[in-house]
Amino acid sequence: MDYSLDLYTYRVSCMVSGADGVDRVKEFFELIERERAKDVNLLSRKYKAIGPLLTKMESLIMQTSSGKAKRMAHYYAYWERKVFDSLSKMVLKNIQVFNTALMGSTPLFQIETILSAPEIVLHPKSNEVYKLIMQSVRDCVESTKRFVRWMHGSCIECPPQRIDGEDEPFIFSFYSEVSQQPQVNEHAMAISQSAQRLLTSVGRYLNRWKRYRPLWKLDKAITMEKFAAKRPSCVMYDEKLQFYARVSHEVAQQPMLKDEHIIRLNLEPLASTVQENAHAWVTSLGRLLNDSAREDLYALRSQLQQLSNNLKRTPNTLEDLKFVLGTISNIRDMSLTVELRFKDIQERYRTLTMYSIHATEEELRLVTQIEKVWSDLFAESRQVDRSLGRVKKTFTQITREQIEQYKQELAIFAESFNMHGPGAVGDNLEKGLTVMGSYEAELAKMEAGRQELAKAEKLFDLSITMYPELLNVQRDMRGLRQIYEIYKAQKAAKAEWSQTLWVNLNIQQLQEGIEGFIRSLRKLPKDVRALPVAFFLEGRMKEFKDSLPLLLDLKNEALRDRHWRELMERTGTSFEMNPDTFTLENMFAMELHKHGNVIGDIVTSAVKELSIEKGVKEVVDMWENMKFSVQRYFKGTQERGSVLGSVDEILQNLDDNAMNLQSMAGSRFVGPFLPTIQQWEKSLSLISEVIEVWMLVQRKWMYLESIFIGGDIRSQLPEEAKKFDHIDKMFKKIMSDTVKDPGIKRCCLIPNRLADLQNLSDGLERCQKSLNDYLDSKRNAFPRFFFISDDELLSILGSSEPSCVQEHMIKMYDNIASLRFDTGANGETVAGALVSAEGEEMELKQAVPAEGRVEDWMTAVLLEMRRTNRLITKEAIYYYNHNKTRVDWMLDYQGMVVLAGNQVWWTWEVEDVFHKVRDGDKQALKRYAKKMHRQIDDLVRCITQPLKKNDRRKLNTVLIIDVHARDIVDSFVRDSITDAREFEWESQLRFYWDKEPDDLFVRQCSAEFSYGYEYMGLNGRLVITPLTDRIYLTLTQALSMYLGGAPAGPAGTGKTESTKDLAKALGLLCVVTNCGEGMDYMAVGKIFSGLAQCGAWGCFDEFNRIDASVLSVISSQIQTIRNALILRLVRFHCSVGHPLVLHQWTQDTAPQDTAPQDAAPQDTAPQDTAPQDAAPQDTAPQDAAVLDSFGWWTILSPAVTLRVIQYTEKQMDYSLDLYTYRVSCMFEGQEISLDSRMGIFITMNPGYAGRTELPESVKALFRPVVVIVPDLQQICEIMLFSEGFLMAKVLAKKMTVLYKLAREQLSKQSHYDFGLRALKSVLVMAGELKRGSPDLNEDVVLMRALRDMNLPKFVFEDVPLFVGLISDLFPGLDCPRVRYPSFNDAVETILQENRYILLPNQVDKVVQMYETMMTRHTTMVVGPTGGGKSVVINTLCQAQTRSLLQFKPSGYVHQQLGQTLSLLHDGSRGVGAVNVASHI
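Basis of the calculations
- Residues numbered from 1 in each chain as written.
- Predicted model: local features only at pLDDT ≥ 70, side-chain atom pairs only at ≥ 80, totals over all residues.
- Heavy atoms only, no water.
- Core = buried A, V, L, I, M, F, W, Y, C linked by side-chain atoms within 4.5 Å.
- Buried < 20%, exposed > 50% of the residue type's maximum accessible area, 1.4 Å probe, protein only.
- Helix = DSSP H or I, 4+ residues; strand = E, 2+ residues; numbered from the N terminus.
- Contact = heavy atoms within 4.5 Å.
- Phe/Tyr/Trp six-rings, centres within 6.5 Å; stacked < 30°, edge-to-face > 60°.
- Lys NZ or Arg CZ within 6 Å of the ring centre and 35° of its normal.
- Disulfide = S-S within 2.5 Å.
- Salt bridge = Lys/Arg side-chain N within 4 Å of Asp/Glu carboxyl O.
- Expected span 1.5 Å × (residues − 1).
- Arc of directions from axis to C-beta.
- Patch = residues over 30% accessible without salt bridge, like charges linked within 9 Å, V, L, I, M, F, W, Y side chains within 5 Å.
- Areas by Shrake-Rupley, 256 points an atom, 1.4 Å probe, with all protein chains shown as cover.
- Pairing = 2+ DSSP bridges.
- Axes fitted to C-alpha atoms, helices over the stretch in contact; angles between N-to-C directions.
- Parallel < 35°, antiparallel > 145°, perpendicular 65-115°, else oblique.
- Nonpolar A, V, L, I, M, F, W, Y, C, P; charged D, E, K, R; others polar.

**Regarding the nonpolar core**
Buried together is how nonpolar side chains tend to be arranged in soluble globular proteins.
Part 1 of the argument: Ranked by internal contacts, the top residues of the largest apolar core, which has 170 residues, are Phe628, Ile691, Trp694 and Met858.
Part 2 of the argument: In terms of residue count, the dominant contributor to this core is helix α24 (residues 674-708) (14 residues).
Part 3 of the argument: The residues touching Trp694, leaving out its near neighbours within four places in the chain, are Phe628, Leu644, Phe731, Ile734, Met735, Thr738, Cys747, Arg753 and Leu757.
Part 4 of the argument: Formed by 97 residues, the second largest nonpolar core is a distinct cluster that contains Val83, Met90, Val202 and Val324.

Dropping the structure here:
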């Protein structure tokens, strides 16, 4: 098959159809279709001949003629494939050829362009041409439908198939396969695009013709009307006509055929239409020009004819003569105007002729004659003027006589005007307005006579006579007319206003109206305003204006009938105040401006009375309608009744209303309202008192209700519970009534309501006191209950479960998080071990049953803790370096036990070295120093190995103490300290286990302390610097003198932590209290009571913030305790402001200690076994002689008197040292026990604002110690050692130098911190990083910690400075930022999903916040508005959710509560410590 067959035949011979030689578009495509049909028919016949040929071949080969031989199936398929390929190539080639022809340069068909207003379009239209092109392409492809497919495995054509629902049968042809070929579709799409480009190109060409669009788009009638309204000149007409003529000529010059690729555009219809439109515009303009020219022509002719007729009038009288002479004068004056007019008319007609616009013969003839008509008229006027010479002389004399007579009449009129005219009426403006009309009429007559005489003078060539008197009268009359017009308008307005009802008074309208009249008068010329009438009018209007405020005053709603009666009485007028008839006319008649003072007094009084009336009404309305906000009260999920909501607004309203009523009662205008005000003053006072008591009762009830209702406290306080039940019932009844009717007035003014609430308050107060006494008894039984709140203590006492103490253990002990409860042999619950916050446990040697009263078994747990700790410490000391290494020994015991044992052995070893040196071994100290170094190296190496978390903490702490011990020994070697009696050794904390009392003691200089055995877990120790040693020495010596310690210095220097660390060294509990202005002596006294009874240390931070008056009382409390400690007395009673009685027991009368040998005797001695005669405070003899006989003596202190019983020597007064461990005291009437190991310390920061200067009485009780900035390098070195850094000394130097330079060179930001707390957090993180990456160099680890911990908080401009400092200190090191793959990817994904620009700095800022939160408990994000704070936080949250990470806030730094993250733009400043340079 010939696939090159041309299906787009467009031979030239077939295209010739006319003069232009190109078919029209439809004929062109019809021709193509006919030619294609012929070719397809030919091909179809040839295709149908293939089947029979194959059948014949079958008969020759297979001897069958079925056309479907199975063995020839592949042969059939081969020929069918050949046919398909040929058809496909034929279609493709024809489409390609047609596409090429589309954009060729040979025109194939013609399209006409026509004007279809308002658009220029093709005929046929563009979309129709596009459809014809694409239809031709489709026909080309669909021509393959003529080639029917063979049935499978045969060469027989498929018969048509009937399909349900279809009228036509379906024929299987090659069309479906050919049409689905990608190449066919692509070329068809190419033809579509080419056709669109072709038609677009045609459209662009046609757009050039759109510049003629105004010809047919504008409405001719409207445009001509607007043009004519401008009264255009002939030149304007000519410009328009020239424009349209040029358009017509330009269109005629355009080519009528335009070839655009295969399209030939026939522009002749379009050009013809455009020319027709241009000619129509010329015709319309010509008609308009002709109309205007004709109108002007006929008007000029009529005017000239009328003037000619006027000249022919006979001058028989003076009037006729004047008329003729006037006509002559007019002709002479209008000469130039007439000439211009007929020249313009002639030019218009010339323009009409130029553009071939028709005009009538009559018009053209008149145009040629009009100039001659004018010249004839002008000559005629000159002739008439010459003929009237004699008549003019006669009438000139008559005119002179008339002028003289006119002067006499004018003089008489002027005199009358000045004497009796409208300007001479004084203040009687109404009379002036009347005579104004008559004088205006006379003046008009005089002016008419003057004008007639002036015309006559002009006609007879006489000089014009001037009349000064007339001018003066006219000038005055003009001014008076203006004045009287204002008066007349003001009079009319006032008359209109006077009809306004009083109730409808609009003072604004009156004010604006009269001010408008005054402004109008003042706008008149100065000479007019100088007239007397103007002065009188202005005065009258000012009086009216001045009366308007009085009208406004009288309109005041405050006026009552009594005030109107007073007004009529004082002004001497009378009227009826009927709202329906009382108008402003009555008020105008009163002439209010004369009674301003009277009206002012009356209105002022009325206003004041009204304000009082309103105030009283507001109070009454408010309290009649105001209601309590009653809310349901829930305890947990259980509803317990109702309570009042917030009453702050109610109380504020009460105060405000009470003040208002008091102010109103003192006013002299209170008048008839006084009884009402006095009554409400009493009512509000009672309401205020009731609400105050009510809220007090409610607060007490809400507090006690949860305690006494449904709790175990009921069984322990049955009497109080019964009383509370009665109070609860009454209170709920009151609240139930309030819910039904919550009106405040009705609820508070019920008879006896105040008394009932006061009784409830008193009852609740008694219940509260009983509860407090109960709690105090529990606290006295177990003093550590003083360190928890009342609610927490009640939660413990109100539960029978031992586990209820777990959440409060951390507050009652130092770092004990919980107790481990086990099941005893008999099934009871026992406390088997203490668990620290780090998870370290101390097994109690003897489990304590958690049964009975909680204070009893908690006391037993405390005693067992100390006993167990003592036994374990003794055991650890015994087994030190026994068959195992020192490190292994440390891993066998608890942290504080290891510390105590290690320090005991270090003390012994040092003193043993001193003995050896004394015995002659001079190198013993140096050998011991080397041993210390080896021990530290062993510990550092051990720390770098994998260890359990708690073991690592234990070794860290031991290493800190060992480094200090090593430094001490090195100093001994350096300074040749070889005797235990030298001060350098005596001044150290030395630990001894004395065999005689079989206990551990700590000594420093002259001070000695028994070890406290307070279990503290692994809460760490401070690095001990020379400053720390000085603080320890000062505090221990102060305690030895029964004084407190007072460290003072800047923030962050270790005042509080040093005190706590010394307590840890001594095994004592240290309770830190933050002081504030709100602390009173009662609160401090309770803390002292708890400290005294449990033998703990109290550290009062910012002690100088307490008020000076409170400090004086506190000094008395401290002095009382100190006196008791100095005297080492057993029992005393103390109450501030009352006598303090101290009792001393001798050996004979002292209570016997029945505690086991291993228990601490001060905690186990019975407290109530003293004989009755050993407590004589209640039976002390008062007689002086008796006092002397008993050996009484008195000690006076500033606020407390001490009376002490002292036994005589005959009664064997043994050394008091044997009995110092039992002391009791009475604080605020409560008997308490005193442990002599207690200590009181205060810290102060004098540099802060709001600090109080300590009274001298307080200063005398404390040893001061100045705390300065510690040795940061030494602290860094020791902490790095404890974290396993071998290069600690070098790295510590670099670190401290970096922080020093950063503090000096970086900008000063309020959130920057380069102090000890920040330093320690970096050191802890460095240790974590070293353990996480043990193969990294130590300087790289520290560099990374310094960078990652500090960069987040820097502002933008400080980042390069800090990076430069790190680079200088760590030259050559480049530690890239750590990337968290899943987390970083999640952050980037979240930012992209939220449509933020992905910036590396912003992603890194989110990572910085993530790292910050891993080393801080809290984080603050700071930055300017729009800096991206919320975006960073939300992105971090979403990224962690997506990557399934969790926040892991670390507790590495106890002192650091949190970190601030600041988001600051480049160049910004902010408060924060992690700085985000925002780009969101």
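**Overview of the packing of aromatic side chains**
Part 1 of the argument: Evaluated as defined, the whole model comprises 38 aromatic pairs.
Part 2 of the argument: Aromatic pair Tyr484 and Tyr487: ring centres 6.5 Å apart, planes at 90 degrees, arrangement edge-to-face. Of the two residues, Tyr484 and Tyr487 are both situated in helix α16 (residues 468-498); the distance of three residues between them amounts to about one turn of the helix. A single burial state applies to Tyr484 and to Tyr487, both of which are buried.
Part 3 of the argument: An angle of 85 degrees between the planes, with centres 5.3 Å apart, marks the rings of Tyr1312 and Phe1354 as edge-to-face. With Tyr1312 in the loop between α45 (1288-1305) and α46 (1316-1332) and Phe1354 in the loop between α47 (1338-1350) and α48 (1358-1369), this residue pair connects regions lying 42 residues apart in the sequence.
Part 4 of the argument: Assessed through its relative accessible area of 1%, Phe1354 is described here as buried.
Part 5 of the argument: Among the aromatic side chains, those forming a connected cluster through ring pairs are Tyr47, Phe84, Phe147, Trp150 and Phe174.
Part 6 of the argument: Between the NZ or CZ atom of Lys1330 and the centre of the ring of Phe1285, over which it lies, the distance is 5.4 Å.

**Brief notes about the state of the cysteines**
Any covalent bond linking the sulfur atoms of two cysteines counts as a disulfide.
Part 1 of the argument: All chains considered together, the criterion is met by zero disulfides.
Part 2 of the argument: Among the cysteines around Cys748, which has no disulfide bond, Cys747 carries the closest sulfur, lying 6.4 Å off.

**Brief notes about the environment of Ser1257**
Part 1 of the argument: Mapping Ser1257 onto the fold places it in helix α43 (residues 1256-1259).
Part 2 of the argument: Along the chain, Ser1257 and Ser1112 lie 145 residues apart, while their C-alpha atoms are 7.0 Å from each other.

**Digging into the pattern of salt bridges**
Part 1 of the argument: Going through the model one piece at a time under the given rule, you end up with 51 salt bridges.
Part 2 of the argument: Residue Glu909 is joined to Lys931 by a salt bridge in which the shortest nitrogen-to-oxygen separation is 3.3 Å. Within this pair, whereas Glu909 is found in helix α33 (residues 895-918), its partner Lys931 is found in helix α34 (residues 924-944), the two being separated by 22 residues in sequence.
Part 3 of the argument: Linked by salt bridges that have partners in common, Lys778, Arg853, Glu855 and Asp856 make up one network.

**Some points on helix α51 (residues 1429-1442)**
Part 1 of the argument: With 14 residues, α51 should cover 20 Å at 1.5 Å per step; its first-to-last C-alpha distance of 20 Å lies within 8% of that length.
Part 2 of the argument: What α51 keeps buried is the set Val1431, Val1432, Thr1435, Leu1436, Ala1439 and Gln1440. One face of α51 carries all of its buried residues, which in axial projection span an arc of 150 degrees. Structural note: α51 exposes Ser1430 and Thr1441 on the side pointing more than 90 degrees away from its buried face.

**Examining a nonpolar patch on the surface**
Part 1 of the argument: Residues Met57, Leu60, Ile61, Tyr75 and Tyr78 make up a contiguous nonpolar surface patch of roughly 480 Å² in combined accessible area.
Part 2 of the argument: Of all the secondary structure elements, the ones that give two or more residues to the nonpolar patch are α2 (25-62) and α3 (73-102).
Part 3 of the argument: Ranked by the residues each element gives to the nonpolar patch, the list is headed by α2, at three residues.
Part 4 of the argument: One can find Tyr75 in helix α3.

**What about unusual backbone geometry?**
Part 1 of the argument: Despite not being glycine, Tyr1042 has its phi angle at roughly 60 degrees, a positive value.
Part 2 of the argument: Relative to the assigned elements, Tyr1042 resides in the loop between α37 (1026-1040) and β14 (1044-1048).
Part 3 of the argument: Non-glycine residue Arg1395 carries a positive phi angle of around 65 degrees.
Part 4 of the argument: In this fold, Arg1395 is placed in the loop between α49 (1381-1393) and α50 (1400-1414).
Part 5 of the argument: Look at Arg1395 and you get exposed, because its relative accessible area is 78%.

**Remarks on the side chain of Ser88**
Part 1 of the argument: Within the fold, Ser88 resides in helix α3.
Part 2 of the argument: Residue classification places Ser88 among the buried positions, given a relative accessible area of 6%.
Part 3 of the argument: Excluding anything up to four places from it in sequence, Ser88 contacts Val178 and Gln181.

**So, the sheet that holds strand β10 (residues 841-849)**
Part 1 of the argument: Across the sheet, which stays open at both edges, the three strands sit in the order β8-β9-β10 with antiparallel pairing between neighbours. A strand with exactly one partner marks an edge of an open sheet, and here the two such strands are β8 (816-823) and β10. Sheet twist, expressed as the average angle between the axes of neighbouring strands with direction ignored, equals 25 degrees.
Part 2 of the argument: Bridge count between strand β9 (residues 829-836) and β10: five bridges; the pairing is antiparallel. If you follow Val830 over to β10, its bridge partner there is Pro849.
Part 3 of the argument: Where helix α31 (residues 854-878) meets the sheet, its contacts fall on β8, β9 and β10, and the angle it forms with β10 comes to roughly 135 degrees.

**A short note on the packing of helix α9 (residues 234-253) against helix α12 (residues 335-354)**
Part 1 of the argument: The geometry of α9 relative to α12 is characterised by a closest axis approach of 10 Å and an angle of 10 degrees between their N-to-C directions. In terms of their interaxial angle, α9 and α12 are classed as roughly parallel. Between α9 and α12, the contacting residues are Cys234, Tyr237, Asp238 and Leu241 on the first element and Asp344, Glu347, Arg348 and Thr351 on the second.
Part 2 of the argument: Looking at the contact of α9 with α12 residue by residue, the class counts come to three nonpolar, one polar and four charged.

**Overview of the sheet that holds strand β13 (residues 1007-1010)**
Part 1 of the argument: Overall, antiparallel pairing links the three strands, which are arranged β11-β12-β13 in an open sheet. Since the sheet does not close on itself, it has two edges, and those belong to β11 (990-994) and β13, each with one partner. Adjacent strand axes in the sheet meet at a mean angle of 30 degrees when their direction is disregarded.
Part 2 of the argument: Where strand β12 (residues 999-1004) meets β13, four bridges bridge the pair, whose relative direction is antiparallel. Residue pairing across strands places Phe1001 opposite Ser1010, the latter belonging to β13.

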